[in-house]
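Residue strings, one per chain:
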Amino acid sequence: MKRSTVLFSLALTFASAGAANAATLDDIKARGSILCGVSGGLAGFAQPDDKGNWTGIDVDFCRALAAAVFNDPTKVKFLPLTAKDRFTALQSREVDLLSRNTTWTSSRDTQLGFNFAGVVYYDAQGFLVRKAAKVSSALELSNTTVCTQSGTTTQLNLADYFRSNNMKYEAVVFNTADEVIKAYESGRCDVFTTDVSQIYAERLKLSKPDDHMILPELISKEPLAPLVRHGDDQWFDIVKWTLFAMLNAEEYDVSQKTLEQRLKSERPDVKRLLGIEGNYGEQLGLTNDWVVRIVRHVGNYGEIFDRNVGEGSRLKIDRGLNKLWNKGGLQYAPPIR
Amino acid sequence: MSAAFVRMEPLPPQPAPFAATGMWGWLSRRLFATPGDIAMTIVGFAAFVLIVLPLFRFLVFDAVWTGKDREACVNAAGACWPFVAAKFNQFVYGFYPYEELWRPNLVFAAGMLLLVPLLIPSAPFKRLNAILFFGVYPIAGFVLLTGGNLDPQRFVLGRFIRISDYVDLDAWRGMRATFWIDFAASALLITLAVAIVARIFGTRISASLKAMAVIFLALAILIAPVDADFGLRWVETREWGGLLVTLVVAISGIVAALPIGILLALGRRSEMRLVRWASIAFIEFWRGVPLITVLFFATYMLPLFLPGGANIERLVRALIGVALFSGAYMAEVVRGGLQAVPRHQYESAAALGLGYWKTMGLIVLPQALTNVIPGIVNNFIGLFKDTTLVQIVAILDLLGQVRAAFSDPNWSSPTTLYTGFAFAGIIYFIFCFAMSRYSLFLERRAGTSALRVEGAMR
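Not measured: the values here are computed from a predicted model.

## Topic: the overall build of chain A
Alright, step 1. Counting secondary structure elements, chain A contains 14 helices and 14 strands.
Alright, step 2. Over its C-alpha atoms chain A spans a radius of gyration of 21 Å, differing by no more than 12% from the 20 Å that the globule rule assigns to 337 residues.
Alright, step 3. If you line up chain A on its principal axes, its C-alpha atoms span 60 × 50 × 40 Å.
Alright, step 4. For chain A, the proportion of its 337 residues judged to be buried stands at 59%.
Alright, step 5. When contacts within chain A are restricted to residue pairs at least 6 apart in sequence, long-range pairs at least 24 apart make up 72% of them.
Alright, step 6. Only carbon and sulfur atoms are counted for the fraction: they give 50% of the accessible area of chain A, which is about 13,600 Å².

## Details of the interface of chain B and chain A
Alright, step 1. The partner chain A presents 38 residues to the 37 residues of chain B that form the contact.
Alright, step 2. At the junction of chain B with chain A, the criterion picks out five salt bridges.
Alright, step 3. Two residues, E71 of chain B and R314 of chain A, come together in a salt bridge whose shortest N-O distance is 3.0 Å.
Alright, step 4. Taken together, the links from chain B to chain A amount to twelve residue pairs in polar contact (both at pLDDT 80 or more).
Alright, step 5. Mapped by element, the contributors of at least two residues to the side of chain B that touches chain A are α3 (70-73), α4 (81-93), α11 (291-305), α12 (314-340), α16 (398-406) and α17 (416-446) of chain B.
Alright, step 6. Of all the elements, α11 of chain B adds the most residues to the side of chain B that touches chain A, at five residues.

## Describing a nonpolar patch on the surface
All names here are of chain B.
Alright, step 1. Taken together, the side chains of F45, F48, V49, L50, I51, V52, L53, F56, V60, F61 and W65 present a nonpolar region at the surface, about 1,100 Å² in accessible area.
Alright, step 2. The topology assignment puts F56 in helix α2 (residues 35-61).
Alright, step 3. The class for F56 is partly exposed, based on a relative accessible area of 48%.

## Observations regarding α16 of chain B
Given 3.6 residues to a turn, an α-helix orients residues that are three or four positions apart in the same direction.
Alright, step 1. When you tally the buried positions in α16 of chain B, you get eight out of nine residues, the bulk of the element.
Alright, step 2. Of the positions making up α16 of chain B, those classed as buried are L398, L399, G400, Q401, V402, A404, A405 and F406 of chain B.
Alright, step 3. Its buried side turned inward, α16 of chain B meets α7 (177-185) of chain A together with α4, α9 (242-268) and α17 of chain B.

## Digging into the pairing of strand β4 (residues 76-81) of chain A
Residue and element names in this part refer to chain A.
Alright, step 1. Counting buried residues in β4 gives five out of six residues, a clear majority hidden from the surface.
Alright, step 2. One ladder, built from six bridges, connects strand β1 (residues 34-39) with β4; its direction is parallel. Bridged to S39 within β4 is L81.

## Some remarks on the domain arrangement of chain A
Residues and elements named next belong to chain A.
Alright, step 1. For chain A, the assigned domains read domain 1 (6-122 + 223-327) and domain 2 (125-220).
Alright, step 2. A separation of 30 Å is found between the C-alpha centroids of domain 1 and domain 2.
Alright, step 3. Domain 1 puts nine residues into the contact, and the matching count from domain 2 is five residues.
Alright, step 4. Counting the surface lost from both domain 1 and domain 2, the interface buries some 570 Å², and carbon and sulfur atoms represent 76% of this.
Alright, step 5. Considering only the side of domain 1, the residues that lose the most area to domain 2 are L42, L315 and I317, jointly responsible for 50% of the buried surface there.
Alright, step 6. In this structure, the connection of domain 1 to domain 2 is made through zero salt bridges.

So, how was this worked out
- Residues numbered from 1 in each chain as written.
- Chains lettered and ligands numbered in written order.
- Predicted model: local features only at pLDDT ≥ 70, side-chain atom pairs only at ≥ 80, totals over all residues.
- Heavy atoms only, no water.
- Helix = DSSP H or I, 4+ residues; strand = E, 2+ residues; numbered from the N terminus.
- Rg over C-alpha atoms; globule rule 2.2 N^0.38 Å.
- Buried < 20%, exposed > 50% of the residue type's maximum accessible area, 1.4 Å probe, protein only.
- Contact = heavy atoms within 4.5 Å.
- Areas by Shrake-Rupley, 256 points an atom, 1.4 Å probe, with all protein chains shown as cover.
- Salt bridge = Lys/Arg side-chain N within 4 Å of Asp/Glu carboxyl O.
- Polar contact = N/O pair within 3.5 Å; in protein donor to acceptor, adjacent residues only side chain to side chain.
- Patch = residues over 30% accessible without salt bridge, like charges linked within 9 Å, V, L, I, M, F, W, Y side chains within 5 Å.
- Pairing = 2+ DSSP bridges.
- Domains from an automatic or database assignment.
- Buried area = accessible area lost by both parts, 1.4 Å probe.

Here it is, written out as structure tokens:
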């Protein structure tokens, strides 16, 4: 998720010199589809199902964009990108946006020349241990062996955490996530650390997932956000407000089920959201029923969360930080008015 | 005087000693004859017990054969084959649209039908077969896989004049009239220019005209089928994946590498300094950079340097990179073969009055290439496996698709990973082993194998 970016910032320095800033929305309309850079395979975020259809929360976000622009969630093409090539692909206009579990950091937002359009998923680094080890807090992990993936900030966060708490540990580092979980399973290490969303996915690869538990301590902030290139504010606004629309829809209880009924609602904020009052969609360069399109075809934020990573999926990740602000979480969208 | 006893008939043969007969004898002769043999036998037996048996147990006896999702495999000790079955289409075709799968299937089948008789020396119609395989098949395969209908707008003249201002004709089967008028007019003008140049420099005009006619006819034959609209839906290369991509990259790399390699090898041994230096520079450049760099550069850096409109598809860019890269490697293999051809072969050819191309084509290259069949096939096999590096530039080949499937929580289980890699390994092994066996067969046929040489000397 968070690889070294030195090489790419170098490459991008060349890139930004020549890139012209044509209107992305016009390109998309002329092309008839949105080009969406996703992960090549990350459970719950972007991965092909048995029939070859892309599924996941990152994928559904791009579908929502296609629904808003074209009233057709299938008018989006997914380009699986590796952590290494994702930024170059966005900069070289291979894709219109990245929706690829990318952590929002200051250097990516500024030096790499991207704009992050709000947080789709608040992730954090956590620890997985065997229940048999009888550990209840990460602070008890002194003198343990920890398995992790190389070349990610996971490794750095781990070192920071143990050092600042004066604990000793031995890191066992592997190249791919698959190797890490296999090493943990074979008993090569006591602790497995990566982002919590991924721990849930990797845990399913163990023969007895219920024998393992995630410790309550979260040792880093990983706000995963979709991003676009600098220099096209209209497209940036559309991506940003598509996410806000999905959050607002959940807040006002507009879901795929309740949509028809809520269209008759007398509440002014719902009327504004669904484009019955005002012309907020047109102000964005879309149509006024843009939110109706998003909810009808893809659903609100709560629905895509539940379907892809929550209770409705195999991962069964707790909403946690991703609850709406009025339910004790961090997900908060500015109002549409 | 004593009567001497003379035995009149030979003694009946004794049975062979127990240690040399039957099962026991076979064992002692073959497996336990010397201390070294004993050690080897033990090592071999241990390898069999420790590696081959568990492998079989994992892949066959303990494997799960049916199931709908991870529940079937989560407690299994063996391979999770329903995972492969569920993802099989993705492993073979990637994201190629389901209802269009007959197209890659047809391409696969036609390829087999044309390739097999080409590889069997006794099969008839070799020339026709070769024309079909190397000439018609790539174009037909391209049209079938992509959908064709490229619809080129301008040729040469069209870049200066807007032909649509003068003619107004409907397209016929997707072929734009303005383009073909442009093509014909440009061809005529260029031919005329060549004729004038030929006249000035005293080159034979008829030969020049003939050459131009051949070039433009070939171009027309090449462009027409990819321009025409056969009513096939356009399938972008980004939707391709799996074994389809592996084969497309490998085969186009293999087919392109040999001619490129031969030309470069000849260039490197050329007596013209410019040609020699250019060839050396080209070969050393491509050998000096890793394939990953080439692919990365071709995919991400090139579009930044090219003018905005020049958008070549990602897979095509990777194909060109792979072809040039493997061509440079092939050049050195071929050069090795050229150096093994004795000097007197060149001199005899010269004595017969053969020119450069005839000397090379008829005398030197046939000997040089048969000498290096193992090296060439070695390169092909290496290239086949190197194709998996296209994952670097987000093209999912067979291995890429397999790895992408690991993340599907529907199929997450302890053995999913091993099953996927085992499946990919089996597929790669089938192709590489077939290539290697065929190269042995070719060597024997060409008479360069060690056995044949010894036989001839006896």
